[in-house]
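Per-entry structural report
Residue strings, one per chain:
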Amino acid sequence: IGGFENLALIPGITDFVARKARFTDCLHKVNNSHLSIMPCGEVPSDPMVYLSSPRFSSILSKLGVFYERVLVEAPPLNSFSDALILSKYVDAIVLVCHADNNDSHELVEAVQKLQDADAPLLGVVFNKVKNLRNKMPRVTARNPKSAKGF
């Protein structure tokens with residue numbers, strides 16, 4: 001999603017939740033594809049007000065009726081609590097880990113936060129991987145506890 005230009009300039013989910021835009025004005029079809037995007041919209045000073053509102057949960061439910069898959073992007077879990085709030089509204093969470101910028105302790109901390117919140121963690125995806133072997137714990141069939149909680 002981040003690769004699309006000018007998403008910050010068009011109406012999005014915060015505009016809908018704040019009643020500044022209609023649902024149809026916030027949903028943007030990507031040309032020549034089956035993809036639709038609903039960007040963040042105007043960045044709020046307090047995202048928790050939006051994320052915890054009934055209007056926000058209702059829009060996620062509405063999107064789930066219209067679309068087979070709804071992906072929600074959230075800021076880094078160890079820095080912001082948005083993903084923990086969102087975990088109450090979704091069927092599954094895929095934790096994306098920037099392999100070169102995060103060490104195994106940060107990953108374990110993020111997974112632990114999700115587990116503590118009873119979040120439906122489906123798995124972890126590593127992106128920007130260059131040399132993963134030196135950064136993450138090794139888990140083997142003979143030594144499953146070596147990952148400290150995985």
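Criteria and thresholds
- Residues numbered from 1 in each chain as written.
- Predicted model: local features only at pLDDT ≥ 70, side-chain atom pairs only at ≥ 80, totals over all residues.
- Heavy atoms only, no water.
- Helix = DSSP H or I, 4+ residues; strand = E, 2+ residues; numbered from the N terminus.
- Buried < 20%, exposed > 50% of the residue type's maximum accessible area, 1.4 Å probe, protein only.
- Areas by Shrake-Rupley, 256 points an atom, 1.4 Å probe, with all protein chains shown as cover.
- Pairing = 2+ DSSP bridges.
- Right-handed = clockwise from strand over helix to strand, strands pointing away.
- Patch = residues over 30% accessible without salt bridge, like charges linked within 9 Å, V, L, I, M, F, W, Y side chains within 5 Å.
- Salt bridge = Lys/Arg side-chain N within 4 Å of Asp/Glu carboxyl O.
- pLDDT = per-residue confidence, 0-100.
- Contact = heavy atoms within 4.5 Å.
- Expected span 1.5 Å × (residues − 1).
- Arc of directions from axis to C-beta.

Side note on the overall build of the protein
- When helices and strands are counted, the protein shows six helices and four strands.
- Sequence-ordered secondary structure for the protein, helices as α and strands as β, is α-α-β-β-α-α-α-β-α-β.
- Out of the 150 residues belonging to the protein, those deemed buried represent 27%.
- Of the accessible surface of the protein, which amounts to about 10500 Å², a share of 53% is contributed by carbon and sulfur atoms.

Description of the environment of Val129
- Its location among the elements puts Val129 in the segment after strand E4 (121-127).
- You can call Val129 partly exposed: its relative accessible area is 42%.
- With 28 residues separating them in the primary sequence, Val129 and Asn101 have C-alpha atoms 9.8 Å apart.

Let's talk about the pairing of strand E3 (residues 93-98)
- Taking every second residue as pointing to the same face, the buried face of E3 carries Ile93, Leu95 and Cys97, while none of Val94, Val96 and His98 on the other face is buried.
- Alignment of E3 against E4, held across six bridges, turns out to be parallel. Along E4, the bridge assignment pairs His98 with Asn127.
- A crossover connection joins E3 to the parallel E4 through helix H6 (residues 104-116); in handedness this β-α-β unit is right-handed.

A word on a nonpolar patch on the surface
- A contiguous nonpolar patch, built from Val94, Val96, Leu122 and Val125 and spanning about 370 Å² of accessible area, is present on the exposed surface.
- The set of elements that each furnish at least two residues to the nonpolar patch consists of E3 and E4.
- As for its placement among the helices and strands, Val96 is situated in strand E3.
- Taking the relative accessible area as the measure of exposure, Val96 reaches 52% and is therefore exposed.

Considering the pattern of salt bridges
- Across all of its chains, the model carries three salt bridges by this definition.
- Lys20 is paired through a salt bridge with Glu42; the nearest N and O atoms lie 3.2 Å apart. With a gap of 22 residues between them, Lys20 in the loop between helix H1 (13-17) and helix H2 (23-26) and Glu42 in the loop between strand E2 (36-37) and helix H3 (47-51) connect regions that are remote in the sequence.

A closer look at the confidence of the model for the protein
- Per-residue confidence for the protein averages 83 on the pLDDT scale, and 81% of its residues sit at or above 70.
- Across residues 143-150 the pLDDT falls below 50, and counting only partners more than four positions away or on other chains, this stretch makes 15 contacts in the model.

Let's talk about helix H4 (residues 54-66)
- Between the first and last C-alpha of H4 there are 19 Å, a value that for 13 residues agrees with the 18 Å anticipated at 1.5 Å per step.
- Those residues of H4 not exposed but buried are Phe56, Ile59, Leu60 and Leu63. Seen along its axis, H4 keeps its buried residues to an arc of 100°; they face one direction. Exposed side of H4, more than 90 degrees from the buried face: Pro54 and Val65 are the residues found there.
- Along its buried surface, H4 packs onto H1, H2, H3 and helix H5 (82-86).

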